Amino acid sequence: MENLQSQIETARMQVHTDSYPMSIGELVNLYDDDELDIHPEFQRVFRWTEDQKSKLIESILLGIPLPSIFVAQRKDGIWDVVDGLQRISTILSFLGKLKNETGEVLPPLELSATKYLPALAGKVWESEDKSKEIDIEIKRVFKREKLDIKIIKKESEGDTKYELFQRLNTGGTKLSDQEVRNCMLLMLNSKAYHWLKELANSDNFSITTPISEKQIEECYGQELCLRFFALRHTNVDARRSHSDVRPYLDSEVSRLFSEDSDFDYESEKLIFEESFSILSEVLGDNAFRKFNTEKGKYEGAISVLVFEALASALSVAVEKKEKTRGELLELVKASSIALPVHPKFIDTLDRRVRPMDRMVIMKELGMELLGED
């Protein structure tokens, strides 16, 4: 086994970085020239209040040092913003340059009063009403302020920028795990992101996975979609290298949806749609709730265990095309009733099996109940 020093040296060779200060004016020029990609799709994920934005502008005007901006250099030379999106977006918004996903310039930021600069209230970069406009001297100072830029160079190996994004955006942030994955996926393969989002918003999937408004905001539906495909395309080595589901699903985003993967989007979409069409028809919003045999009805919120068992196994049956739709409807109904009282299901709950092993057990149990083992 390699010693620690050897492992450090090997890992360091995989990451090539550079660092230098850049003025706000220079950074804005890169954005104007389409050489800086801040991924406008992220705007709905990173949620800063107007007060937070004004405090950032205040900090710049007061000369308070800001945390470093992390960017990744793509093969075409364009910089992807890995960390610092809201800081850059706020600056661009203040200057009246921030664009949305369709390339339209958004309304400029109007500042609010801050603790040390209450006179910022109502101020904007440019205005016909000169009383509201920032003074020219202040503008010059603002554009000359420096930001520390950390660059992950294009020579870096593998998924360095996605790993860095994940690390920087999961400590002390309010983003959910899936929101971070969505941002990673947007940088990795934007088409795959929009494809997964479309499936999560499809009618039959939404019917069978009734979730709360908070879960919708945190993109839990997209996480369930990701689990569905991760279960369908289980990689034993990837699973064994993780002890927890969260980092495992992080790694599956890169493995399944990288631009050079052989994932068949068209075929997988058809299997997904047929699977949830069957589940919706036979069980509706009870598809992944537990059946209470004593009361003779489905109860509670959707169960991840039931989802892992039924959805993944049904997708295998749909793909094989060995059973008619009518047969699958009957099997799914019977399996959903039998599942919560099955000894393997009960044992998995009683023993508090770790989530990684549970996924395997549930898929195998679902296959057994649907006659696909």
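Residues numbered from 1 in each chain as written. Predicted model: local features only at pLDDT ≥ 70, side-chain atom pairs only at ≥ 80, totals over all residues. Heavy atoms only, no water.

### Quick word on the nonpolar core
With 60 residues, the main nonpolar core has Phe229, Phe257, Phe276 and Phe288 as its most contacted residues. Contributing elements (two or more residues each) for this core: helix 7 (177-188), helix 8 (190-200), helix 11 (220-232), helix 13 (245-257), helix 14 (265-283), helix 15 (304-320), helix 16 (325-338) and helix 18 (355-369). Broken down by element, the residue count for this core peaks at eleven residues, all from helix 15. Residues in contact with Phe257, not counting those within four places in the same chain, are Leu185, Leu188, Asn189, Ala192, Trp195, Leu196, Leu226, Glu252, Phe263 and Tyr265. (Core = buried A, V, L, I, M, F, W, Y, C linked by side-chain atoms within 4.5 Å. Buried < 20%, exposed > 50% of the residue type's maximum accessible area, 1.4 Å probe, protein only. Helix = DSSP H or I, 4+ residues; strand = E, 2+ residues; numbered from the N terminus. Contact = heavy atoms within 4.5 Å.)

### Some remarks on the pattern of salt bridges
A complete count under the given rule lists 24 salt bridges for this structure. With a closest N to O distance of 3.2 Å, Glu198 and Lys269 form a salt bridge. With Glu198 in helix 8 and Lys269 in helix 14, this pair connects stretches of sequence that are 71 residues apart. Under the relative-accessibility criterion, Glu198 is labelled partly exposed at 46%. With relative accessibility at 23%, the residue Lys269 sits in the partly exposed group. (Salt bridge = Lys/Arg side-chain N within 4 Å of Asp/Glu carboxyl O.)

### A closer look at the confidence of the model for the protein chain
Fine structural detail should not be taken from predicted coordinates in areas where pLDDT scores are low. Scored by pLDDT, the protein chain comes out at a mean of 86, with 87% of its residues at no less than 70. Mean pLDDT across the elements of the protein chain ranges from a minimum in helix 1 (residues 4-13), with 58, to a maximum in helix 14, with 97. (pLDDT = per-residue confidence, 0-100.)

### A look at the pairing of strand 3 (residues 69-73)
Pairing analysis gives four bridges linking strand 3 to strand 5 (residues 146-152), with the strands arranged parallel. What sits directly across from Val71, in strand 5, is Ile151. Note: strand 3 against strand 4 (residues 79-83), four bridges, orientation antiparallel. Considered in strand 4, the bridge of Phe70 is made with Asp83. Here strand 3 folds back onto strand 4 in antiparallel fashion, the turn holding five residues, of which Gly77 has a positive phi close to 90°. (Pairing = 2+ DSSP bridges.)

### Some words on the packing of helix 11 against helix 15
Think of two packed helices as two axes; the pair is described by the angle between the axes and how far apart they sit. Remark: helix 11 packs on helix 15, axes separated minimally by 9 Å, with the N-to-C direction vectors making an angle of 50°. The angle between helix 11 and helix 15 places the two elements in the oblique class. Helix-helix and strand crossings are classified by hand; for helix 11 and helix 15 the assignment is right-handed. Within the contact between the two elements, helix 11 uses Tyr220, Leu224, Arg227, Phe228, Leu231 and Arg232 and helix 15 uses Val304, Phe307, Glu308, Ala311, Ser312, Ser315, Val316 and Glu319. Taken together, the residues of the contact of helix 11 with helix 15 break down into eight nonpolar, two polar and four charged. (Axes fitted to C-alpha atoms, helices over the stretch in contact; angles between N-to-C directions. Parallel < 35°, antiparallel > 145°, perpendicular 65-115°, else oblique. Left-handed = near helix turned anticlockwise from the far one by under 90°. Nonpolar A, V, L, I, M, F, W, Y, C, P; charged D, E, K, R; others polar.)

### As for unusual backbone geometry
In the Ramachandran plot, Cys219 falls in the positive-phi region, its phi being about 65° despite a non-glycine side chain. Residue classification places Cys219 among the buried positions, given a relative accessible area of 13%.

### Some points on the packing of helix 11 against helix 14
It is at 12 Å that the axes of helix 11 and helix 14 come closest, and there the two elements cross at 110°. By the angle between their axes, helix 11 is roughly perpendicular relative to helix 14. Crossing of helix 11 against helix 14: the hand is right-handed. Residues Cys225, Phe228, Phe229 and Arg232 of helix 11 form the contact with helix 14, whose own contacting residues are Glu268, Ile271, Phe272, Ser275 and Phe276.

### Topic: helix 8
Taken together, the buried positions of helix 8 are occupied by Ala192, Tyr193, Trp195, Leu196, Leu199 and Ala200. Across the axial projection of helix 8, the buried residues extend over an arc of 165°, all falling on one side. Contact partners of the buried residues in helix 8: helix 7, helix 9 (203-208), helix 11, helix 13 and helix 14. (Arc of directions from axis to C-beta.)

### Description of the side chain of Arg232
As for its placement among the helices and strands, Arg232 is situated in helix 11. In terms of polar contacts, Arg232 uses its side chain to reach the side chain of Glu268, at 2.8 Å. A polar atom in the side chain of Arg232 sits 3.2 Å from the side chain of Glu319. Those residues in contact with Arg232 that sit more than four places away from it in its chain are Glu268, Ile271, Ser315, Val316, Glu319 and Lys363. (Polar contact = N/O pair within 3.5 Å; in protein donor to acceptor, adjacent residues only side chain to side chain.)

### Examining the packing of aromatic side chains
Working definition: an aromatic ring pair is given by the centre-to-centre distance plus the angle between the planes. Inspection of the entire model under this criterion finds 23 aromatic pairs. Three or more aromatic residues link up through ring pairs in this structure, and these residues are Trp195, Phe205, Phe228, Phe229, Phe257, Phe263, Tyr265, Phe272, Phe276, Phe288 and Phe307. The residue whose ring lies beneath Lys99 is Tyr31, and the NZ or CZ to ring-centre distance is 5.9 Å. (Phe/Tyr/Trp six-rings, centres within 6.5 Å; stacked < 30°, edge-to-face > 60°. Lys NZ or Arg CZ within 6 Å of the ring centre and 35° of its normal.)

### Regarding the side chain of Ser127
Mapping Ser127 onto the fold places it in the loop between helix 4 (85-94) and helix 5 (136-144). A polar contact of 3.0 Å, which involves the side chain of Ser127, links it to the backbone nitrogen of Asp129. Once residues within four sequence positions are removed from consideration, Ser127 is found in contact with Lys132 and Glu133.

### Structural notes on the environment of Glu104
With respect to the element layout, Glu104 can be found in the loop between helix 4 and helix 5. When near neighbours in sequence (up to four residues on either side) are disregarded, Glu104 contacts Leu98 and Lys99. Among the polar contacts listed, one links the side chain of Glu104 to the side chain of Thr102, at a separation of 3.2 Å.

### Things to note about a nonpolar patch on the surface
Together, Leu62, Ile64 and Tyr116 line one region of the surface with nonpolar side chains, adding up to about 310 Å² of accessible area. Within the secondary structure, Leu62 sits in the loop between helix 3 (50-61) and strand 3. (Patch = residues over 30% accessible without salt bridge, like charges linked within 9 Å, V, L, I, M, F, W, Y side chains within 5 Å. Areas by Shrake-Rupley, 256 points an atom, 1.4 Å probe, with all protein chains shown as cover.)

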